[in-house]
Amino acid sequence: QVRLVESGGGLVQAGGSLRLSCVAFGPIRSYNTMGWYRQVPGKQREAVTTITTNGRTSYADSVKGRFTISRDNTKNTMYLQMDDLKPEDTAVYYCNVRELIGGANYWGQGTQVTVSS
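Residues numbered from 1 in each chain as written. Predicted model: local features only at pLDDT ≥ 70, side-chain atom pairs only at ≥ 80, totals over all residues. Heavy atoms only, no water.

*Asks:* Explanation requested: the overall build of the chain in the structure shown.
*Replies:* Within the chain, the regular secondary structure consists of zero helices and eleven strands. Order of helices (α) and strands (β) in the chain, N terminus to C terminus: β-β-β-β-β-β-β-β-β-β-β. For 117 residues, the compact-globule estimate of 2.2 N^0.38 gives 13 Å, and the chain sits close to it at 14 Å. Across the 117 residues in the chain, those meeting the buried criterion constitute 39%. Look at the contacts in the chain between residues 6 or more apart in sequence, and 53% of them connect residues 24 or more apart. Accessible surface, the chain as shown: approximately 6,400 Å² in total, 48% of it carbon and sulfur. In the chain, 13 positive and 9 negative side-chain charges are present, and the distance between their average locations comes to 6 Å. (Helix = DSSP H or I, 4+ residues; strand = E, 2+ residues; numbered from the N terminus. Rg over C-alpha atoms; globule rule 2.2 N^0.38 Å. Buried < 20%, exposed > 50% of the residue type's maximum accessible area, 1.4 Å probe, protein only. Contact = heavy atoms within 4.5 Å. Areas by Shrake-Rupley, 256 points an atom, 1.4 Å probe, with all protein chains shown as cover. Lys, Arg positive; Asp, Glu negative; His and termini not counted. Charge placed at Lys NZ, Arg CZ, Asp CG, Glu CD.)

*Asks:* Help me understand the packing of aromatic side chains, please; the structure alone is not making it clear to me.
*Replies:* Where two aromatic rings form a pair, the distance of their centres and the angle of their planes describe that pair. Going through the model one piece at a time under the given rule, you end up with one aromatic pair. Summarising the aromatic geometry, the rings of Tyr37 and Trp107 are spaced 5.0 Å apart at their centres and angled 70° between planes, so their arrangement reads as edge-to-face. Taken as a pair, Tyr37 in strand E4 (residues 32–39) and Trp107 in strand E10 (residues 105–107) lie far apart in primary sequence, 70 residues in all. Between the NZ or CZ atom of Arg45 and the centre of the ring of Trp107, over which it lies, the distance is 4.6 Å. (Phe/Tyr/Trp six-rings, centres within 6.5 Å; stacked < 30°, edge-to-face > 60°. Lys NZ or Arg CZ within 6 Å of the ring centre and 35° of its normal.)

Below, the structure written as structure tokens:
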């Protein structure tokens, strides 16, 4: 049984930083894409950033230059360093793992990030 556990959310002032972590437990295939998504009430969940097993990254335009995704394959762990946070970054952030073979898709429970102005 695969389980994703996020941590690191919280309340921060605009301009501040937070670091999110996501640990994957269970039988996840080695080749996968890990990513962070976020959602605010009344809106669709949106992709923030993704990273492949070999380290290729992609970012939403709204977070480029402020957020940095990384992963440690030996620990099945992914990180999101968020700097220069803005009130519009306020959302529930979800960890996602998508296996490249078979297409299995897993989600974490979400962690709240709130940025005050």
